[in-house]
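# Coordinate analysis (summary)
Residues per chain, in single letters:
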Amino acid sequence: MATSSFLFFIIIITSFTVTPSSAKLTENFYEESCPRVQQVVYESVSKAIKLDPGVGAGLIRLLFHDCFVRGCDASVLLDSTDGKPSEKESLPNKNSLRGFEAIDDAKKAVEDVCPGTVSCADLLAFASRDAAMLMGGIKFNVPGGRRDDFHSREDEPVKFLPSPFADVSSLEDMFAKKGLSVKDTVVLSGAHSLGVAHCSNFRPRLYNKNNSIVIDPTLNPSLASVLTDICPANISNNNDPTVPLDFVSSHRLDNVYYKNIRKHRVVLVSDQVLDEDEHTEKMVKYYAKHSGAWKEEFAKAMVKMSKIEVLVGDEGEIRRNCRVVNKDA
């Protein structure tokens with residue numbers, strides 16, 4: 001009898017105790033609590049991209065920079081507070097990330113129809129998905145259920161985000177630490193068919209330490225000529241121009257990126273090195289020829305990335321304002 005009572009007690013505890021780890025991301029997460037969220041976010045993102053196509057690249061990059069640091073928890077969206085600089089102030093992010101205003105507008109639109117319901121982490125994942133659709137016709141579903149983190153630290157992005165000068169081994173290692181494969185690395189790098197890069201991110205390919213022009217032999221000479229016309233040898237915070245990552249179709253998410261790699265017409269070292277490793281080179285060749293295959297794999301990789309180290313269940317919170325935690329909202 002005592003044993004039966006004990007087992008009954010265990011069953012009751014197990015049945016009514018829900019831990020954060022038991023919660024999962026699901027595609028129909030907001031089906032009842034906010035059925036219009038997908039439409040509202042899409043309309044808001046579409047409006048933002050029509051006004052400025054560069055926002056599309058910004059939103060996709062924001063998700064990457066969020067998920068690789070602390071997981072997909074919207075920590076990249078938090079503003080700095082007194083004495084506590086956020087991820088926005090970190091070298092890989094400062095003066096390079098964009099799309100924050102688009103997220104603000106989307107959040108306001110969602111709050112108007114479903115107050116206190118949709119997390120900023122989910123909203124960013126949805127917005128990035130919609131940007132991929134609007135910029136490249138790449139369709140996929142993103143599950144919901146993420147929660148927002150309370151913290152954002154300036155020193156963390158540089159630890160987890162790949163350097164623009166990274167070699168293949170470093171790229172593979174950084175992606176592997178986030179549960180992403182070599183294939184995911186190559187596929188997600190295709191997002192560099194959109195957006196811009198600061199000259200400081202590839203200056204060593206154009207100039208030596210004495211500010212003399214010395215062109216990287218792996219850089220296409222005609223592209224190098226264009227870049228030296230744009231980028232000064234003496235780069236400073238006030239003089240660091242940007243150039244398109246893709247000079248062919250800079251506002252289109254497509255496989256031209258891989259064709260550019262094959263022609264040595266990419267500006268970042270971390271992109272060109274994908275053609276120098278036997279394993280990744282095969283993938284670059286394949287995706288340069290097969291646009292549909294790359295789009296399909298890109299969609300899968302984006303969904304996979306959006307699940308990195310998420311907060312779920314009772315973890316974190318649902319911010320009312322994506323820039324501040326609720327106690328400061």
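Keep in mind the model is a prediction, meaning the values are calculated, not measured.

Evaluation of the coordinates by the stated rule reveals four disulfides. Two residues, Cys67 and Cys72, share a disulfide whose sulfurs are 2.0 Å apart. Across the S-S bond linking Cys67 and Cys72, the dihedral sits near 120°, which makes this disulfide right-handed. Each member of the pair Cys67 and Cys72 is classed as buried. The side chain of Cys120 participates in a disulfide bridge whose partner is Cys322; the two sulfur atoms lie 2.1 Å from each other. Taking the sign of the torsion about the S-S bond as the criterion, the disulfide between Cys120 and Cys322, at about -95°, is left-handed. You can see Cys120 sitting in helix α5 (residues 120-136) and its partner Cys322 sitting in the segment after α13 (291-305), a full 202 residues away along the chain. The residues Cys120 and Cys322 share a single accessibility class, namely buried. Sequence-ordered numbering of the bonded cysteines in the chain gives a pairing of 1-4, 2-3, 5-8, 6-7.

Our focus in this paragraph is a nonpolar patch on the surface. A grouping of Val226, Ile230 and Phe247 is seen on the molecular surface, where their side chains present a nonpolar patch of about 210 Å² in accessible area. With respect to the helices and strands, the residue Ile230 is situated in helix α9 (residues 221-230).

Our next topic: helix α12 (residues 278-289). Compared with an ideal rise of 1.5 Å per residue, which puts twelve residues at 16 Å, α12 spans 17 Å between its outermost C-alpha atoms and is within 8% of the ideal. Among the residues of α12, those classed as buried are Thr280, Met283, Val284, Tyr287 and Ala288. Each buried residue of α12 lies within a common arc of 135° when the element is viewed along its axis, so the set occupies one face. Counted as exposed and oriented over 90 degrees from the buried face of α12: Glu278, Lys282 and Lys289.

With that out of the way, let us pick up the nonpolar core. Among the nonpolar cores identified, the biggest contains 75 residues, and Leu59, Leu62, Leu77, Ile103, Leu253, Phe298 and Met305 are the most heavily contacted of them. Every residue in contact with Phe298, bar those within four places of it in the chain, is listed here: Ala132, Ile138, Val187, Leu188, Ala191 and Leu253.

Looking now at the confidence of the model for the chain. Low pLDDT means the predicted atomic positions in that stretch should not be read closely. For the chain, the average pLDDT comes to 92, and 92% of its residues sit at 70 or higher. Counting interchain partners and residues more than four positions distant, the pLDDT-below-50 stretch residues 1-22 has five contacts.

Turning our eyes to something else, we now look at the UniProt feature "site: Transition state stabilizer" (unreviewed entry) in the chain. When the UniProt feature table is mapped onto this chain numbering, "site: Transition state stabilizer" (unreviewed entry) sits at Arg61. Along the chain, Arg61 turns up in helix α3 (residues 54-67). Taking relative accessible area as the criterion, Arg61 reaches 30% and is therefore assigned partly exposed. Those residues in contact with Arg61 that sit more than four places away from it in its chain are Pro92, Ser96 and Leu97.

All right, on to unusual backbone geometry then. The backbone phi angle of Asn211 is positive, close to 70°, even though this residue is not glycine. Mapped onto the elements, Asn211 comes out in the loop between β1 (196-198) and α9. Classification of Asn211 by relative accessible area gives partly exposed; the value is 31%. Phi is positive for His264, close to 60°, though the residue is something other than glycine. Locating His264 in the fold gives a position in the loop between α10 (256-262) and α11 (269-272). Accessibility expressed as a relative area gives 30% for His264, which makes it partly exposed.

By the definition in use, this model includes ten aromatic pairs. Geometrically, the ring pair formed by Tyr30 and Phe126 is edge-to-face, given 6.2 Å between the ring centres and 85° between the ring planes. Remark: Phe126 occurs in helix α5 and Tyr30 occurs in the loop between α1 (2-16) and α2 (37-51); sequence separation between them is 96 residues. Overall, Tyr30 belongs to the buried group, its relative accessible area being 5%. Judged by centre distance (6.0 Å) and plane angle (65°), the ring pair of Tyr258 and Trp294 falls under edge-to-face. In this pair, Tyr258 sits in helix α10 while Trp294 sits in helix α13, placing the two residues 36 residues apart along the sequence. One aromatic cluster is present, formed by Tyr257, Tyr258, Tyr286, Tyr287, Trp294 and Phe298 through successive ring pairs. Taking the ring centre of Phe100 as reference, the NZ or CZ of Lys88 above it sits at 4.3 Å. The ring of Phe160 is capped by Lys178, whose NZ or CZ atom sits 4.5 Å from the centre of that ring.

To continue, consider the environment of Cys231. Within the secondary structure, Cys231 sits in the loop between α9 and β2 (242-244). Of the residues examined, Cys231 reaches a relative accessible area of 3% and is grouped as buried. Distance in space between the C-alpha atoms of Cys231 and His198 is 8.8 Å, their sequence separation being 33 residues.

The rules behind the values
Residues numbered from 1 in each chain as written. Predicted model: local features only at pLDDT ≥ 70, side-chain atom pairs only at ≥ 80, totals over all residues. Heavy atoms only, no water. Disulfide = S-S within 2.5 Å. Buried < 20%, exposed > 50% of the residue type's maximum accessible area, 1.4 Å probe, protein only. Helix = DSSP H or I, 4+ residues; strand = E, 2+ residues; numbered from the N terminus. Patch = residues over 30% accessible without salt bridge, like charges linked within 9 Å, V, L, I, M, F, W, Y side chains within 5 Å. Areas by Shrake-Rupley, 256 points an atom, 1.4 Å probe, with all protein chains shown as cover. Salt bridge = Lys/Arg side-chain N within 4 Å of Asp/Glu carboxyl O. Expected span 1.5 Å × (residues − 1). Arc of directions from axis to C-beta. Core = buried A, V, L, I, M, F, W, Y, C linked by side-chain atoms within 4.5 Å. Contact = heavy atoms within 4.5 Å. pLDDT = per-residue confidence, 0-100. UniProt positions renumbered as here; feature names shortened; annotations may be inferred. Phe/Tyr/Trp six-rings, centres within 6.5 Å; stacked < 30°, edge-to-face > 60°. Lys NZ or Arg CZ within 6 Å of the ring centre and 35° of its normal.

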